[in-house]
Amino acid sequence: MLHEITFTVNNDPYTIAVQSQQTLLKVLREQLGLTGTKIGCENGECGACTVLFDGEPVNSCLVLAAEADGHEIETVEGMSIGGDLHPLQKAFIEHNAVQCGFCTPGMLMSAKSLLIHNPQPNELEIREALAGNLCRCTGYVRIIEAIQDVAQNG
Amino acid sequence: MRKFDYYQPKDFAEAFELLLLPDKVVMPLAGATDIIPLARDGHIQPDVVVDIKSLPGMREIKATEKGLLVGAAVRMNEIASSPLVREHATVLAEGAATVGHVQVRNRATLGGNMCTASPAGDTFPALLVLEAEVLIRGVEGERSVPVLEFFKGPRRTALHKGELVVGVLLPKLDGAQGHYTKLSRRKVADLTLVGVAALAIPSEAGYVWRLALGAVAPTPVRVPAAEQILSQGYAAAAIEQAAVAAHAACSPIDDIRSSAEYRREMVVNITKRAIGKVIEKLP
């Protein structure tokens, strides 16, 4: 069945019709054209689809779009402001924390949430915060260094 | 994904009307972290899903005279960080903090976890040692069952058709100290191989101990033999004996994550670790 949902994505208000069984992930990508959020395992294992739901990281593949009615969503497209990359995005580039790039949007969302809750995380805390984001290229070391850089130097 | 209809009732009357729709496969939905992958892969075929998160009381954590009430739709991260839960039932906060990973804990709920009834559920050993009462509501009214009687087997519970778990009541245990610890292949974000909750409750003669195991039997289990040993004293020899009793009480399976033999051996180690952590917390 169809639901009319009203929510914000990256502070932009939307009112759209979604099917009951559609996930937030599919609606973001296919109805709103926000393809920065990636489709990986669709099982809540890989974290490539991570978005912020009312400020908290969630797997958008495990949320029904209908559940997002009345809520605030942030995707990787919302990180840069006026064309300026977010400090985390800059640090990921500087530290070569991006190889194939598929995990990067999800990594950035998890990292952003971590630094909001815990501005000075230690390595273990970073690793725990990223436990739900798999990267098959980097070995994580450079991703962790990039996040530590932002935590220490802003 | 197969088509289904999603409803988000605001009151119980509407919820039960939906849950009892004739000729339809109707499933309650809380955090959706199990239902969505199961439905997508065809393991379940719901016609209707009923989102129970907006029902009264489902999202509440409340201290009452009888104990702490935790609503069924309270999320794992909310339980893990709740000052009330940390104060009254640390062991449950610890269990909730080890479920899945951050993203899953931000959606998955206590009630959903319980109704999924995976033998490896990380909140269950804590609920067992706390002797939680499971609060169940159906169209004919409310009932409660001791948590030990709630879990009937892998993915089977004491719920009847059309009933909902609305929450758990954690009886007051003044001065009790507990700990949940688990073993998994990866430190976080992996299914549990062995989970152990231990709890020591002050009594006239010292402490009454409770011990529960998860992931090593068809349901989470208490280990009365170990509890009796520890309640008579928790010196090193008693801890060894309690761990042996835990080893005897488990009945794990072989699967892709580990052999039954390994799980059984690790029950000994993880039990000792959990007891040791509780002893560290005792005054």
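Up top is the structure.
Residues numbered from 1 in each chain as written. Chains lettered and ligands numbered in written order. Predicted model: local features only at pLDDT ≥ 70, side-chain atom pairs only at ≥ 80, totals over all residues.

**What to know about the overall build of chain B**
Put simply, the rule is: Secondary structure elements follow DSSP: runs of H or I of four or more residues count as helices, runs of E of two or more count as strands, with numbering from the N terminus. Computation of the radius of gyration draws on C-alpha atoms alone. For the globule rule, the value is 2.2 Å times the number of residues to the power 0.38. Think of it as a crowd count around each C-beta: if 20 or more other C-beta atoms lie within 10 Å the residue is buried, if 12 or fewer it is exposed, and in between it is partly exposed, with C-beta placed from the backbone throughout. Contacts here follow a simple rule: the backbone-placed C-beta atoms of the two residues must lie within 7 Å.
Helix and strand counts for chain B come out as twelve helices and 14 strands. A compact globule built from 283 residues would reach a C-alpha radius of gyration of about 19 Å, and chain B, at 19 Å, matches this within 12%. Based on the C-alpha atoms only, the size of chain B along its principal axes is roughly 60 × 45 × 30 Å. Expressed as a percentage of the 283 residues in chain B, the buried residues total 50%. Relative to all contacts within chain B whose residues are 6 or more apart in sequence, the contacts with residues 24 or more apart total 61%.

**Considerations on the overall build of chain A**
In terms of regular secondary structure, chain A is built from five helices and five strands. Sequence-ordered secondary structure for chain A, helices as α and strands as β, is β-β-α-β-β-β-α-α-α-α. Scaling as 2.2 N^0.38, a compact globule of 154 residues should have a C-alpha radius of gyration of about 15 Å, and chain A matches this with 15 Å. Along the first, second and third principal axes, the C-alpha atoms of chain A reach 45 × 30 × 25 Å. Relative to its 154 residues, chain A shows a buried fraction of 48%. Once local pairs closer than 6 in sequence are excluded, the contacts in chain A between residues at least 24 apart make up 59%.

**Focus on the interface of chain B and chain A**
Test applied: Lys, Arg, Asp and Glu make up the charged group, whereas Ala, Val, Leu, Ile, Met, Phe, Trp, Tyr, Cys and Pro make up the nonpolar group; the residues left over, Gly among them, are polar.
Residue-level contacts link 20 residues of chain B with 24 residues of chain A. Counting residues per element, the ones that place at least two in the side of chain B that touches chain A are strand E1 (5-7), helix H2 (35-40) and helix H6 (102-105) of chain B. In terms of residue class, the side of chain B that touches chain A is built from ten nonpolar, four polar and six charged.

**Remarks on the environment of Asn96 of chain A**
As for its position among the elements, Asn96 of chain A is in the loop between helix H2 (87-94) and helix H3 (104-117). Spatially, the C-alpha atom of Asn96 of chain A lies 9.7 Å from that of Glu145 of chain A, the residues being 49 residues apart in sequence.

**Topic: the sheet that holds strand E6 (residues 133-138) of chain B**
All names here are of chain B. Quick reminder of the rule: Two strands are counted as paired when DSSP detects at least two bridges linking them. Here an angle of 0 to 180 degrees is reported between the N-to-C directions of two axes, which are lines fitted to C-alpha atoms, with helices fitted over the stretch in contact.
The five strands lie next to each other as E4-E5-E10-E6-E7, forming an open sheet whose pairing is antiparallel. What marks the edges here is a single partner per strand, and that holds for strand E4 (61-63) and strand E7 (141-146). Ignoring which end each strand starts from, the neighbouring axes of this sheet average 25 degrees apart.

**Re unusual backbone geometry**
All names here are of chain B. Here Ala32, not a glycine, exhibits a phi torsion of approximately 70 degrees, which is positive. Relative to the elements of secondary structure, Ala32 occurs in the loop between strand E2 (26-29) and H2. Look at Ala32 and you get buried, because 24 C-beta atoms sit within 10 Å.

**Things to note about the sheet that holds strand E1 (residues 2-9) of chain A**
Backbone hydrogen bonds are what pair the strands of a sheet, in a parallel or an antiparallel way. Residues and elements named next belong to chain A. Spatially, five strands are ordered E2-E1-E5-E3-E4 in an open sheet, and the strand pairing comes out mixed. Looking at strand neighbours, the two that pair on one side only are strand E2 (12-19) and strand E4 (56-59), the edges of this open sheet. Strand-to-strand twist in this sheet, taken as the mean axis angle between neighbours without regard to direction, amounts to 40 degrees. Of the pairings in the sheet, the one linking strand E3 (residues 50-53) to strand E5 (residues 72-74) comprises two bridges and is antiparallel in character. Counterpart to Leu52 in the pairing with E5 is Glu74. The strands that H3 touches are E3 and E4; relative to E3, the one it contacts most, it runs at about 35 degrees.

**Regarding the packing of helix H10 (residues 224-231) of chain B against helix H11 (residues 236-249) of chain B**
Residues and elements named next belong to chain B. Defined as follows: If an angle is under 35 degrees, it is roughly parallel; if it is over 145, roughly antiparallel; if it lies from 65 to 115, roughly perpendicular; otherwise it is oblique.
Running from amino to carboxyl end, H10 crosses H11 at an angle of 170 degrees, the nearest separation of the two axes being 8 Å. What the angle tells us is that H10 and H11 run roughly antiparallel. For the pair H10 and H11, the contacting residues are Ala225, Ala226, Ile229 and Leu230 in the first and Ala238, Gln241, Ala242, Ala245, Ala246 and Ala249 in the second.

**Re helix H12 (residues 260-281) of chain B**
Residue and element names in this part refer to chain B. Quick reminder of the rule: One less than the number of residues in a helix, times 1.5 Å, gives the span that helix is expected to have. Given a residue, its bend is the angle between the two axes fitted to the seven residues that end at it and to the seven that start from it.
Under the 1.5 Å per step criterion, the end-to-end length of H12 is 31 Å for 22 residues, consistent within 8% with the ideal 32 Å. Residue Met266 marks the point of greatest curvature in H12, where the axis turns by about 25 degrees. Residues of H12 that are buried in the fold lie against strand E11 (177-183), strand E12 (194-203), strand E13 (206-214), H10 and H11.

**Observations concerning the pairing of E1 of chain A**
Residue and element names in this part refer to chain A. Both E1 and E2 contribute to a ladder of eight bridges, which runs antiparallel. Across the sheet, residue Val9 finds its bridge partner in E2, namely Asp12. Inspection of the sheet shows E1 paired to E5 by two bridges, in the parallel sense. Note that in E5 the partner of Thr8 across the bridge is Glu72.

**Remarks on the nonpolar core**
Rules: Take the buried Ala, Val, Leu, Ile, Met, Phe, Trp, Tyr and Cys residues, join any whose C-beta atoms are within 7 Å, and the set you get is a nonpolar core.
Counting residues in hydrophobic clusters, the biggest one holds 138 residues, and the most contacted among them are Leu92, Ala197 and Ala246 of chain B. Not counting residues within four places of it along the chain, the set of residues in contact with Leu92 of chain B comprises Ile79, Val85, Thr123, Ala126, Leu127, Leu130 and Leu170 of chain B.

Keep in mind these values describe shape, not function.
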